[in-house]
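If you want the building blocks of each chain, they are given just below.
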Amino acid sequence: MNLILLGPPGAGKGTQAKRLEQAHGLVQLATGDMLRAETASGSELGRRIKAVMESGALVSDEIVIEVIEQRIAAPEAKDGVILDGFPRTIPQAEALDAMLAGHDLKLDHVILMEVDEAALVDRLAGRFSCRACGASYHERYHRPKREGVCDVCGSHDFVQRPDDRPEAVQKRFEVYRQQTAPILPYYRAKGILETVDGMGEMDAVTKAIEAIISR
Ligand code: AMP
């Protein structure tokens, strides 16, 4: 089963993708994580995309398509993938169709997580994660069980994403409205776009997604 989770920044795509990954043995392909790994590696490509990402703008279609293509072609993707953060533009959606067709794969579900933008700014501003294992937390909604200690790996080192600063958050929403929202009619026309209410409790959102994919 191959599916796309769509929604604006902070909608909870990453959280839900991780849950689906564990429950269904699918592989989460998060372009944001892949690009952050590239910037952390200090590679030439990483240096080129760092400033773009920190500003909240999109990395070029060409780079992102190349990054995702390698992963879709990999053997571990054969049992199914959850695309999280890709596609984000019409050319990316078209490239994805071609990639999947080229590997004899098909898209089963495109799930839009509908959310309220004002509430999202609040969600993003309080978001932080463990530098060692990437587990995500929130200052108000999901603090570590022991103050200052990661629940998953015990590390004491936490980071906030530079693009979760208010100016970059505003830019990311603008980019979503202008460049990413146009892919919704693209999938609607194919008859595979479904929506869930992304403002509910995390478990309720998971349940709604499960109901769609088990159909
Ligand atoms: P995310 O972790 O999905 O919020 O992505 C963080 C940042 O990575 C975005 O604001 C973009 O700069 C870049 N990025 C991630 N996925 C894509 C994509 N599919 N196309 C272009 N840029 C992307």
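Coordinates for the structure precede this section.
Note that the structure is predicted; figures quoted are calculated from it, not measured.

A. Main features of helix α5 (residues 90-102). Its 13 residues give α5 an end-to-end C-alpha distance of 18 Å, which sits within 8% of 18 Å, the value for a rise of 1.5 Å per residue. Those residues of α5 that sit buried are Gln92, Ala93, Ala95, Leu96, Met99 and Leu100. The arc that holds the buried residues of α5, viewed along the axis, is 160 degrees, so those residues lie on one side. Away from the buried face of α5 by more than 90 degrees, exposed residues Ala98, Ala101 and Gly102 are located. Residues of α5 that are buried sit in contact with β1 (3-6), α4 (61-73), β3 (81-84) and α8 (183-190). One or two positions beyond α5, positive phi appears at Asp104, with a value near 60 degrees.

B. Examining the sheet that holds β3 more closely. Spatially, β2-β3-β1-β4-β8 is the arrangement adopted by the 5 strands of the open sheet, whose pairing is parallel. Edge strands, defined here as strands with exactly one partner in the open sheet, are β2 (27-30) and β8 (193-197). When the angles between neighbouring strand axes are averaged without regard to direction, this sheet yields 25 degrees. For strand β4 (residues 109-114) and β8, the ladder comprises 5 bridges, and the chain directions are parallel. Considered in β8, the bridge of Met113 is made with Val196. Across the sheet, α8 is in contact with β1, β4 and β8; its angle to β1 comes to roughly 140 degrees.

C. Representation of the pairing of β3. Of the two faces of β3, the one holding Val81 and Leu83 and the one holding Ile82 and Asp84 are both buried throughout. Examined bridge by bridge, β1 and β3 share 3 bridges and lie parallel to one another. Note on β3: the bridge partner recorded for Ile4 is Leu83. As judged from the 4 bridges shared by β2 and β3, these two strands associate in the parallel manner. Residue Ala30 lies in a different strand from β3, and its bridge partner there is Asp84.

D. A look at the site of the ligand. Near the ligand you find 16 residues, and of these Thr31, Ala57, Gly85, Arg88 and Gln92 are the closest. Taking Gln92, its side chain carries an N or O atom lying 2.9 Å from a nitrogen atom of the ligand. A distance of 3.4 Å separates an oxygen atom of the ligand from a polar side-chain atom of Arg172. For the ligand, whose accessible area on its own is 480 Å², the fraction buried by protein is 95%. No other element matches the 4 residues that helix α2 (residues 31-41) contributes to the shell around the ligand. By residue class, the composition of the shell around the ligand is 7 nonpolar, 4 polar and 5 charged.

E. The arrangement of the nonpolar core in detail. Of all hydrophobic cores here, the largest spans 34 residues; its most connected members are Leu6, Ile72, Leu83 and Tyr187. Within the residue set of this core, elements represented by two or more residues are β1, α2, α3 (44-55), α4, β3, α5, β4 and α8. With 6 residues, the top contributor of residues to this core is α4. Look past the residues within four positions of Leu83 in its chain and what remains in contact with it is Leu3, Ile4, Leu5, Leu29, Ile68, Ile72 and Leu96. Listed in part, the 14 residues of the second largest apolar core include Ala17, Leu20, Met113 and Ile209.

About the criteria used
- Throughout, a residue's number is its position along its own chain's written sequence, starting from 1.
- Restriction of local features to residues with pLDDT of at least 70 applies here, the model being predicted, together with a cutoff of 80 or more for giving and counting side-chain atom pairs; totals for whole chains, interfaces and linings are based on all residues.
- Excluding hydrogens and water, the side-chain figures rest on all heavy atoms present in the structure.
- Counting from the N terminus, the helices are the DSSP runs of H or I reaching at least four residues and the strands are the DSSP runs of E reaching at least two.
- Residue count minus one, scaled by 1.5 Å, sets the expected span of a helix.
- Relative accessibility under 20% of the residue-type maximum defines a buried residue, over 50% an exposed one, and the middle range a partly exposed one, all with a 1.4 Å probe and only protein chains included.
- For this quantity, the arc is that covered by the directions from the helix axis to the C-beta atoms.
- For this analysis, residues touch if any pair of their heavy atoms sits within 4.5 Å.
- Following DSSP output, two strands are said to pair if at least two bridges run between them.
- Axis definition: a line fitted to C-alpha atoms, limited for helices to the stretch in contact. Angles are taken between N-to-C directions and run from 0 to 180 degrees.
- A single heavy atom is enough: if one lies within 4 Å of a molecule or strand, its residue is considered near that molecule or strand.
- Here a polar contact is recorded for every N or O atom pair within 3.5 Å, except that within protein the pair must consist of a potential hydrogen donor and a potential acceptor, and residues adjacent in sequence are included only if both atoms are side-chain atoms.
- Here, Shrake-Rupley sampling with a 1.4 Å probe gives the accessible areas, and only protein chains in the shown set may cover a residue.
- Polar here means any residue other than Ala, Val, Leu, Ile, Met, Phe, Trp, Tyr, Cys and Pro, which are nonpolar, and Asp, Glu, Lys and Arg, which are charged; Gly is therefore polar.
- In these notes, a set of buried Ala, Val, Leu, Ile, Met, Phe, Trp, Tyr and Cys residues joined through side-chain atoms within 4.5 Å is what counts as a nonpolar core.

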